[in-house]
There are 2 protein chains.
Amino acid sequence: MKIGIIGGGQLGKMMTLEAKKMGLHVIVLDPAKNCPSHSISDEHIVAGFDDAAAIKELAAKSDVVTYEFEHIGAGPLIELEAAGCKIFPTAKSLKVIQDKLTQKQALKEGGAPVGEFAGVGSAAEVEACGKVFGYPLMLKARTGGYDGKGNFLVKSPGEVAGACQVLQRGAAALMVEKFVDFEMEISVLACRTESGQTTVYPVGQNNHADSILSETRVPASISAETRVLALNTALQVMDVFKGVGMFCTEMFVLKDGGILINEVAPRPHNSGHYSIEGCVTSQFENHVRAVCGLPLGDTSLLLPVVMRNILGSDIESRGRAVVDGLDRALAVEGVKVHIYGKEESQHKRKMGHLTVMADTLELAAERAGEAWSQIKIY
Amino acid sequence: MKIGIIGGGQLGKMMTLEAKKMGLHVIVLDPAKNCPSHSISDEHIVAGFDDAAAIKELAAKSDVVTYEFEHIGAGPLIELEAAGCKIFPTAKSLKVIQDKLTQKQALKEGGAPVGEFAGVGSAAEVEACGKVFGYPLMLKARTGGYDGKGNFLVKSPGEVAGACQVLQRGAAALMVEKFVDFEMEISVLACRTESGQTTVYPVGQNNHADSILSETRVPASISAETRVLALNTALQVMDVFKGVGMFCTEMFVLKDGGILINEVAPRPHNSGHYSIEGCVTSQFENHVRAVCGLPLGDTSLLLPVVMRNILGSDIESRGRAVVDGLDRALAVEGVKVHIYGKEESQHKRKMGHLTVMADTLELAAERAGEAWSQIKIY
């Protein structure tokens, strides 16, 4: 079985490691010659994500095509799908999800819990929404955002024009969301096969720094009721998009224990990296199983687990990545370190992560913090 | 950090997967262009294991050199070591271990529990030993054997001449061992860094079919006393050989609960594959950590675990490997399947393995058996 992966970054790399373990043939498409997947894939098509001919070549060489990120043109994938190629998640679901406005509309229509939102075409329309939703108001580029990029928290009507200008620099269409005063951010992975087998992972509790995920703790410190709500919501999302493969639903836990969906990613997710060590079957293995039409594996949590991101610690400089303190980090009990192998480190770029399992979540968090403070990539 | 691995079979592949996870650069040396490690390593030197120039090239490109099997000429490694290259396990320990007679002598001198044995130069000497040790008598080629190859169980004096002829076909030097009427075969992995940090894994219980490992169950069904004896023996072995890296000690459990060492392998071992899913840190990750001078990871068992080998099921034919029933095997709860990606399947060749963790060993064994009966590679 040959699997084509669009994107050879860390998510593509971790998919590839699982696919190779199971003896599958992996072809990656990525413009970077030395991307993290390069050295571990059977074949690497060096081409841009918008290179329709290269994507066609990938599909021709593969039994199934998947992708590690959702910011790719859906057009070529829709064409390939129409021509009978297997693309998972489907190009149709990708197209709906990659536009945050149509994503929210689909979720709302499907009865999933979302906050108030609206598409906006001008600063005047943003201000009109501000009168209804109040401030602060979340202004978002409908496409292309990640790690807080493409989002702007507008604190007052006076900031609207400037915020629109910043986000529309890339000529992006915009939307607004009513600000959610949440208690906690959580995420839940769910996975589905084409034949409809579905599975869901434990709830992860996410901490962010500067809008970038810094830590995921599993299980989340939430009530049993909220847990059930969260798991059900993740499954509802699979049903709305008829998802095939791994989907991650980021949610807000409200002060009353209720749940609102923040965003859905149609792929394995940073907040699910804990599953590599923490669950019987990782998000990457189950994604590979799902897109290849294989039965899904057990998602049980083995022990409480904490994942911490390792970001590029350069402030001023960019350059060839140097890992410092791997030995000191690994000296902390129970630590597993993943270094993605990106050639160049940049300030706050995701360069690796580490995971700690322990008998208690507190102990895992303490050890993860200790190890994390020892390792630097610059 | 660049790690050179002599051998790109399944053990080299699993080392490579762990090394790549940690962002290390891997160069493999293997004569087979499409060996299991080929597609996942950064570089592949296609050369024979006895090609001194190629081994020199590997060492020149690597910060440390290790190997996946012990049947390589120690000569080139000893030279490289003398020239300052890091070779782990050391060439000196390799040289002693790869000759089963000097291995047993070293163990005996170090006070480790071994049965009676003797080097033999002729059929007459074997018969002389038979008079002392009795029959059946285990006749072994001193070098090059694996999976029962190179061993001959001589049942009576009349079989001595024939057995010598069979084993000496490769001009092998021979040794004899007094037959051990054991209760059970077990193995224990232990790992040591150059600086002397040492760790030991849980005891695995091994079942063989036709002298090839078929199943490992962890934890082994042995008494607490035997367990302590086994763990101590594995650590004693590390001390005897001043082992750096992963060593596997195969032992016999006697009817009185005592222990005798069968053989030592200076590398990760088939009977330790359970550790990939079953332990916090796998034998492959700890081997990589050890040879790279990194601290060793936690070897705790997460849950009872059973590993089953998947052997090539051809009887008559050899040919391009075909995997049948991966989907049916993965449909069994908790099953993880490893397919090595060998191009050619042969009768009884090790083509993959599967692992099942469960709340009880019985359940894990039942599920492993069920999954194993579903998958065929031919």
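Residues numbered from 1 in each chain as written. Chains lettered and ligands numbered in written order. Predicted model: local features only at pLDDT ≥ 70, side-chain atom pairs only at ≥ 80, totals over all residues. Heavy atoms only, no water.

**Structural notes on the relation of the copies chain B and chain A**
Then, number 1: For these two chains of identical sequence, chain B goes onto chain A by a turn of 180° and a shift of 0.0 Å along the axis, with RMSD 0.0 Å. With respect to symmetry, the two chain copies, as superposed, fit the operation of a two-fold axis. Among all C-alpha atoms of chain B, that of Ile40(B) lies closest to the rotation axis, at 1.8 Å.
Then, number 2: Here 100% of the contact residues of chain B are again contact residues in chain A; the copies associate through an equivalent surface. (Least-squares fit on C-alpha atoms with pLDDT ≥ 70 in both. Contact = heavy atoms within 4.5 Å.)

**Concerning the packing of helix H1 (residues 10–21) of chain B against helix H10 (residues 283–291) of chain B**
Helix-helix packing is described using two parameters, namely the angle between the two axes and the distance between the axes.
Residue and element names in this part refer to chain B.
Then, number 1: Running from amino to carboxyl end, H1 crosses H10 at an angle of 70°, the nearest separation of the two axes being 8 Å. When the interaxial angle is binned, H1 and H10 end up roughly perpendicular. Crossing of H1 against H10: the hand is right-handed. Together, Leu11, Met14, Met15, Glu18, Ala19 and Lys21 of H1 and Phe284, Glu285, His287 and Val288 of H10 make up the contact between the two elements.
Then, number 2: Taken together, the residues of the contact of H1 with H10 break down into 6 nonpolar, 1 polar and 3 charged. (Axes fitted to C-alpha atoms, helices over the stretch in contact; angles between N-to-C directions. Helix = DSSP H or I, 4+ residues; strand = E, 2+ residues; numbered from the N terminus. Parallel < 35°, antiparallel > 145°, perpendicular 65-115°, else oblique. Left-handed = near helix turned anticlockwise from the far one by under 90°. Nonpolar A, V, L, I, M, F, W, Y, C, P; charged D, E, K, R; others polar.)

**Some thoughts on the pattern of salt bridges**
Then, number 1: Counting across every chain of the model gives 48 salt bridges over all chains.
Then, number 2: As a salt-bridge pair, Lys21(B) and Glu18(B) come within 3.2 Å of each other at their nearest N and O atoms. You can see Lys21(B) and its partner Glu18(B) sitting in helix H1, 3 residues apart, about one turn around the helix.
Then, number 3: Classification of Lys21(B) as buried rests on a relative accessible area of 10%.
Then, number 4: Salt-bridge contacts for Glu215(B) lead to Arg217(B); the nearest nitrogen and oxygen are separated by 2.8 Å.
Then, number 5: By relative accessible area, which is 5% here, Glu215(B) ends up buried.
Then, number 6: Residue classification places Arg217(B) among the partly exposed residues on the basis of a relative accessible area of 27%.
Then, number 7: Connected through shared salt-bridge partners, Glu18(A), Lys21(A), Glu285(A), Arg289(A) and Lys336(B) make up one network. (Salt bridge = Lys/Arg side-chain N within 4 Å of Asp/Glu carboxyl O. Buried < 20%, exposed > 50% of the residue type's maximum accessible area, 1.4 Å probe, protein only.)

**Remarks on the sheet that holds strand E1 (residues 2–6) of chain A**
Residues and elements named next belong to chain A.
Then, number 1: The strand order across the open sheet built from 4 strands is E3-E2-E1-E4, with neighbouring strands paired in parallel fashion. Both outer strands of the open sheet, strand E3 (43–45) and strand E4 (64–67), are each paired with one neighbouring strand and no more. Strand-to-strand twist of the sheet, defined as the mean angle between neighbouring strand axes without regard to direction, takes the value 25°.
Then, number 2: The pairing of E1 with E4 spans 4 bridges and is parallel. The residue bridging isoleucine 5 from the neighbouring strand is threonine 66, located in E4. (Pairing = 2+ DSSP bridges.)

**Here we look at the interface of chain B and chain A**
Then, number 1: Contacts between the two partners involve 33 residues from chain B and, on the opposite side, 33 residues from chain A.
Then, number 2: Counting the surface lost from both chain B and chain A, the interface buries some 2,800 Å², and carbon and sulfur atoms represent 64% of this.
Then, number 3: Inspection of the region where chain B meets chain A yields 2 salt bridges.
Then, number 4: Measuring nitrogen to oxygen at the nearest pair gives 3.2 Å for the salt bridge that ties Glu285(A) to Lys336(B).
Then, number 5: Summed over the shared surface of chain B and chain A, the result is 16 residue pairs in polar contact (both at pLDDT 80 or more).
Then, number 6: Mapped by element, the contributors of at least two residues to the side of chain B that touches chain A are H1, H10, helix H11 (326–330) and strand E18 (335–339) of chain B.
Then, number 7: Taken together, the residues of the side of chain B that touches chain A break down into 16 nonpolar, 6 polar and 11 charged. (Buried area = accessible area lost by both parts, 1.4 Å probe. Polar contact = N/O pair within 3.5 Å; in protein donor to acceptor, adjacent residues only side chain to side chain.)

**Examining the environment of Lys149(B)**
Residues and elements named next belong to chain B.
Then, number 1: The topology assignment puts lysine 149 in the loop between strand E6 (137–141) and strand E7 (151–154).
Then, number 2: Judged by its relative accessible area of 46%, lysine 149 is partly exposed.
Then, number 3: In sequence terms lysine 149 and glycine 312 are 163 residues apart; their C-alpha atoms lie 17 Å from each other.

**Looking at the sheet that holds strand E8 (residues 174–178) of chain A**
Residue and element names in this part refer to chain A.
Then, number 1: Read across the open sheet, the 4 strands follow the order E5-E8-E6-E7; overall the sheet is antiparallel. The sheet is open, and its two borders are formed by strand E5 (117–120) and strand E7 (151–154), each paired with just one other strand. Sheet twist, expressed as the average angle between the axes of neighbouring strands with direction ignored, equals 25°.
Then, number 2: Across 4 bridges, the pairing between strand E6 (residues 137–141) and E7 is antiparallel. The residue bridging leucine 137 from the neighbouring strand is valine 154, located in E7.
Then, number 3: Those strands touched by helix H5 (residues 100–109) are E5, E6, E7 and E8, and its axis lies near 145° from that of E5.
Then, number 4: Seen against the sheet, helix H6 (residues 123–133) touches E5, E6 and E8 and runs at an angle of roughly 165° to E5.

**Remarks on helix H4 (residues 91–98) of chain B**
Residue and element names in this part refer to chain B.
Then, number 1: Turning to H4, its buried residues are Ala91, Ser93, Leu94, Ile97 and Gln98. Summarising the axial view, the buried residues of H4 lie within an arc of 155°, below the 170-degree limit, and thus occupy one face. Looking at H4, the residues exposed on the side facing more than 90 degrees away from the buried face are Lys92 and Lys95. (Arc of directions from axis to C-beta.)

**With respect to the packing of aromatic side chains**
All names here are of chain A.
Then, number 1: Using the criterion set out here, one finds 4 aromatic pairs over all chains in the structure.
Then, number 2: Relative to phenylalanine 252, the ring of phenylalanine 182 has its centre 4.6 Å away and its plane inclined at 10°; by these criteria the two rings are stacked. On the criterion of sequence distance, the pair formed by phenylalanine 182 in the loop between E8 and strand E9 (184–192) and phenylalanine 252 in strand E13 (residues 245–253) is long-range, its members being 70 residues apart.
Then, number 3: Positioned above the aromatic ring of tryptophan 372 is the side chain of arginine 308, whose terminal nitrogen or guanidinium carbon lies 4.7 Å from the ring centre. (Phe/Tyr/Trp six-rings, centres within 6.5 Å; stacked < 30°, edge-to-face > 60°. Lys NZ or Arg CZ within 6 Å of the ring centre and 35° of its normal.)

**Quick look at the environment of Thr199(B)**
Then, number 1: With respect to the helices, strands and loops of the structure, Thr199(B) is situated in strand E10 (residues 198–200).
Then, number 2: Note: C-alpha distance between Thr199(B) and Ala234(B) (35 residues apart in sequence) is 9.8 Å.

**Some points on the pairing of strand E14 (residues 259–265) of chain B**
Residues and elements named next belong to chain B.
Then, number 1: The element E14 is largely enclosed, with a buried count of 7 among its 7 residues.
Then, number 2: Sheet topology places strand E13 (residues 245–253) next to E14; 6 bridges connect them, and they run antiparallel. When the sheet's bridge partners are listed, phenylalanine 252 is paired in E14 with leucine 260.
Then, number 3: Counting the residues between successive antiparallel strands, the hairpin from E13 to E14 contains 5 residues, one of them, glycine 257, with a positive phi of roughly 90°.

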